[in-house]
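The residues making up each chain are set out below.
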Amino acid sequence: MRIGLLGAFEVRADDGVPLDVPGARLRGLLVGLALEAGHVVPKGTLVDWIWGEQPPADATNALHRLVSRLRKVLPEGAVEGLTDGYRLVVDPDDVDAVRFERLVRDGDLTALGLWRGAAMQDVGLPESAAFEAAVTRLEELRLNAYESAEAGAGQVAELTALVAAHPVRERLVAALMRALGAAGRGNEALLVYQRTREALADTLGVDPSAELSAVHVALLRGELGRREEPRRTNLRAELTSYVGKDTEVTAVRGLVDGSRLTTLIGPGGSGKTRLATETARTLLDGFPDGVWLVELAAIGADGDVAQATLAALGQRDALLGDLPDAEPVERVVAAIRDRGILLILDNCEHVIEAAAAFAHRVLGECRRLRILATSREPLGITGETLWPVVPLVLGPAVRLLQDRAGAVRKDLGTDARTLATMERVCRALDGMPLAIELAAARLRTLSLEQLANRLDDRFRLLTGGSRTALPRHRTLRAVIDWSWELLSDDERVVLRRLSVFAGGASLEAAERVCGSEELLTALTEKSLVVTGGEDTPRYRMLGTIREYAQQRLAEAGEAELTRHAHLEYFTELAETAEPHLRRADQLEWQAVLEAEHDNIAAAMRGALAAGEARGAVRLAAAAGWYWWFGGHKVEGNELIRAAVDLPGESDDEALAVAYAFVVLFLGSGRGDQFVTEDWIRRGYEIGLRVRGGHPALRFLPALRHLLEAAEPSAFEPLLTDDDPWVRALARLQLGKLWMALGRDARDADTQLETALAEFRAIGDRWGISFALTELAERFALRGDLAGACERLEQAIAVVTEAGAIEDVVSMRPRQAKLHWLAGDLRASAAAMAEAQRHAEGVAWPNALAELALARAELATWDGDAGEARHQLGLATAMLGDKAAEPNVRAITHGLLGYLAEDPAESREHRVEALRAATESAQAPLIAGALVGVADWALRAGRDEQAARLLGASTAVLGMPDRSQPYPARIERETRERLGDQRFTEALAEGAGSSWPELAEVTLAS
């Protein structure tokens, strides 16, 4: 059994199980016996111990009853009853108070470790003077032990409490002072001495004893306590992990090793300070006199950098030298002079001149000193090495958001949808670490999706920064406000006007709209504007800074003025480039406009939003060919249509040209003249009021002529036009018209070949690809599949060079069908795979519909009816209303006729396909529909009629169609059934017959 009296009362059996001894007197009895463990305690002594001067009338029996109760709670045999008293059968060392007394007598002051609190807690015998005397004796022994012990750092807490209870016990105070000295807390020990001296004077009217005074003097001389290792840095421990820029730490470390002045520059919130401190931690071993952070953010614009440096070095008094009256910079030089130190001058931008002068002075006089500065602009002194701190790329940015978000909520997943939303947040915030951390803090109250959806109002949303952060780092707006306040008035004008640019700005554009190159350079150096581009620089702002600048632009009342300047500049640029887009230097000019693509679109959308018809139509006319030729058909179609739909006056020539582009966009692909009829007439009528002008205007009369009659004479006047591009395009359109009418094949070929040669002479890649594509169709019709593939390959190379990937998506499927017809299924699949790869980045429905139609045709040829029907459904969905046009209906019903197994269903599709082809008035479609009717006749067992329909199809087209598998198959099967002679006769009969009557008779029976 073990008994604890030096602290809370405690009794435990040998196995460690606590034993409950209830009641104050029962506990008092056990204490009285325990303090004399192993010895007999007389009954009278126990009665005095328990009841003091007020014993009960029958004290002996009362004591006996207490002993009986005690025996019941203690192990059997623990209390022995003898004639003259009672004895507790226990080893004296198993009673902590008895053991303490023995150890103290032996001079073993480890006995102090037995104390757990005040002696004999939870034992109350208020009538017993003997009990109180025992408690006092134990406490005095304890105090004497502390006063005699060699006080150590581990005893500070106990001694502090004891001195508080005995404030004028000098030997105890001396022990506390020695313990504080051992703990390296000499200043506190001196304060304890001062308080004790005052207490002695106030309470006893005496001075400290010689012994206590000696301890005080020893402290002043540094003779007591441990000697502290000098601090080598004032860098604070970080509370968060460092994410995303480990490679930058390595790079900056290398710069510090090689350069005496390295400056990290970047916009506010990009992580300059954290990168500097993380790098500095890795350099501690390389600087024997330490790494010291000088925080300049807290000093004003007229603050003293040298004084801030002295404050940072304040705990290294030995380095500061004996120069109390010297200037601060001189004291810094004296402190550092020959020592190996790294100073981090953090946030220099608001004291840039002072920081530069300070760095120049101390680097010049302290040869082993190195400085790592952070600023939003360079210090601008000789020998400075710069490291731009750029925003995080997407992967590290998402990891940072995950890390910081995980601190505020634990339910964020790692599924694809969550990661995609995180990527959206990080992109919206430009990968800026501070903005991401502010966003993560908002996840306490918002879901990730809600956060992402509210970032369009980021300045109001991101306001929950750390309370311990600098004021300018607590909100996103405050970060940029800090930089804005440091700008001159002229710099502010340029910055806010630069926000009108959507895709950055060339130097010329920025100067025209905003201001001088010198001011742009100043803003770049202050990390508010970013430059890029190898040959010609472009100026742009991060999205967050741009949004801020836009708000400032609106506040200044300059938004409309700046937008008009922006619109005028890019309209003039597009007008200058436009004619070059039809000549040999078109790629160079296309690259110029491509670099300004976002700006051109923004200028147009701004004009549309303001309802400015004149400006919008003028830009539509200037940029229309760029949108068409450069592979931006979806956007171009949307913007041009919106421009011409605006109410209000416009320039006649610009409006007529814009109408011509509407015709071009609407009539492309599977479109026909009926869709564009109204636009053609409108453009033609306005064009009558314009002389000369844009080449597109010369084609409007020809297009109107075609609405009245599809005759070659529509284009013939243009064959002698002064503009070689107009002549080449007119010739190409004439060849196409010959093909559509089914006229002399040789004349169509001649027109197309001549057009190709003329476009090559001009250098217009669009015209070259157009002519090559039409020639490929001619080669395919004649069965020259290799020749057709070769020309398509040439056309694809040309449009790829021009960046018109939408056209590649249309051309590769044509090539795939030719490879299939040639029996090269592997090449066919490869062509379709490439088309699909390009289609993933294309939104132009015509191109995607062509791809789906090609898949439907190939699936039909392969006998996969399910896939063919699926692809037809996709194609018609992509085409929308255009799917109802005759050209498209002829194709779709034609394929469905081949897919239908039921003769009645097949016949219905043949009727619809022929009706649509007739509406289109295009010979290739009519010829294809007649082949379809021949297929139906062959399936119905009307072999001679099938042969006649083949002959009629050839007559309509002007040649047999070898670009499809159906005519050859039908000819082969019909010839086998009829024999060569009868087949030839029926073929000739069909060629000389009226195809409408022949088809009607066939489908009617």
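Here, residues in each chain are numbered from 1, in the same order as that chain's written sequence. Reporting in this predicted model follows two pLDDT cut-offs: at least 70 for local features of residues, and 80 or more for side-chain atom pairs to be given and counted; totals over whole chains, interfaces and linings ignore these cut-offs and use all residues. Note: side-chain values were computed over all heavy atoms of the structure, leaving out hydrogens and water.

What follows deals with the sheet that holds strand S5 (residues 85-88). Strand pairing follows a simple DSSP-based rule, namely that at least 2 bridges must link the two strands. Helix numbers and strand numbers start at the N terminus; a helix is a DSSP run of H or I with at least 4 residues, a strand a run of E with at least 2. If you trace the three strands from one edge of the open sheet to the other, you get S3-S5-S4, paired in antiparallel fashion. Edge positions in the sheet fall to strand S3 (40-42) and strand S4 (79-81), since each of these pairs with one other strand and no more. Going across the sheet, the axis of each strand differs from the next one's by a mean of 30°, ignoring polarity. Across three bridges, the pairing between S3 and S5 is antiparallel. Counted as the bridge partner of Val-41 is Tyr-86 from S5. Its contacts with the sheet place helix H1 (residues 24-34) against S3, S4 and S5, and it is angled at close to 80° to S5. Sheet strands touched by helix H3 (residues 59-73): S4 and S5. Its angle to S4, the strand with the most contacts, is close to 145°. Axis geometry follows a simple rule: fit a line to the C-alpha atoms, using only the stretch in contact for helices, then measure angles between N-to-C directions, giving values from 0 to 180 degrees. Any two residues whose heavy atoms approach within 4.5 Å are treated as being in contact.

Of the residues making up helix H13 (residues 328-336), those classed as buried are Pro-328, Val-329, Val-332, Val-333, Ala-335 and Ile-336. Seen end-on, H13 carries its buried residues on one side only, within an arc spanning 165°. Burial status follows relative accessibility: with a 1.4 Å probe on protein chains alone, a residue under 20% of its type maximum counts as buried, one over 50% as exposed, and anything between as partly exposed. Think of it as the arc spanned by the lines of direction from the helix axis to the C-beta atoms.

As a further point, take the UniProt feature "domain: OmpR/PhoB-type" (unreviewed entry) in the protein. In this structure's numbering, the residues bearing the UniProt feature "domain: OmpR/PhoB-type" (unreviewed entry) are residues 1-90. The distance separating the terminal C-alpha atoms of residues 1-90 is 7 Å; by composition the span is 39% helix and 18% strand. UniProt positions are given in the numbering used here, feature names are shortened, and annotations may be inferred rather than shown by experiment.

Spatially, the five strands line up as an open sheet ordered S7-S8-S9-S6-S10, and their pairing is parallel. Pairing within the sheet leaves two strands with one partner each, and these edge strands are strand S7 (291-295) and strand S10 (384-388). If you compare each strand with its neighbour and ignore which way they point, the axes differ by 20° on average. The pairing of strand S8 (residues 342-346) with strand S9 (residues 370-375) spans four bridges and is classified as parallel. In the sheet register, Leu-345 faces S9, and the bridge partner there is Ala-373. On the sheet, helix H14 (residues 352-365) packs against strand S6 (261-265), S8 and S9 and is oriented at approximately 170° with respect to S9.

Let's shift gears to empty space enclosed by the protein. Only protein atoms enter the 1 Å grid used here. Points where a 1.4 Å probe fits but cannot escape make up a cavity, open sets with protein on both sides within 12 Å along at least five of seven lines make up a pocket, and a residue lines them when an atom lies within 4 Å of a point. Grid points are joined across faces, edges and corners, and a volume is the space filled by probe spheres set on the points. Tallying each qualifying case throughout the model produces three cavities of 30 Å³ or more. Size it by volume and the largest cavity reaches roughly 90 Å³. Of all the secondary-structure elements, those providing two or more residues to the lining of the largest cavity are helix H17 (433-442), helix H20 (476-485) and helix H24 (543-555). When residues in the lining of the largest cavity are grouped by element, the largest group, three residues, is from H20. These domain limits were set by an automatic method or by a database of domain assignments. Each of domain 3 (260-388) and domain 4 (394-486) gives at least three residues to the lining of the largest cavity. Estimated volume of the second largest cavity: approximately 40 Å³. What lines the second largest cavity is simply Phe-629, Arg-765, Trp-766, Ser-769, Val-798, Val-799, Ala-802, Ala-804 and Asp-807. Looking at the lining of the second largest cavity, the elements that each hand over two or more residues are helix H35 (765-781) and helix H36 (785-802).

Of note, Leu-519 is situated in helix H23 (residues 517-525). Along the backbone, Leu-519 and Leu-688 are 169 residues apart, and their C-alpha atoms lie at a distance of 49 Å. What Leu-519 contacts, discounting residues up to four positions off in sequence, is Asp-490, Glu-491 and Val-494.

With a phi angle near 60°, Asp-430 is a residue other than glycine that sits in the positive phi range. Turning to its location among the elements, Asp-430 is positioned in the loop between helix H16 (416-428) and H17. With relative accessibility at 18%, the residue Asp-430 sits in the buried group. In the Ramachandran plot, Ser-527 falls in the positive-phi region, its phi being about 65° despite a non-glycine side chain. Within the secondary structure, Ser-527 sits in the loop between H23 and strand S12 (530-532).

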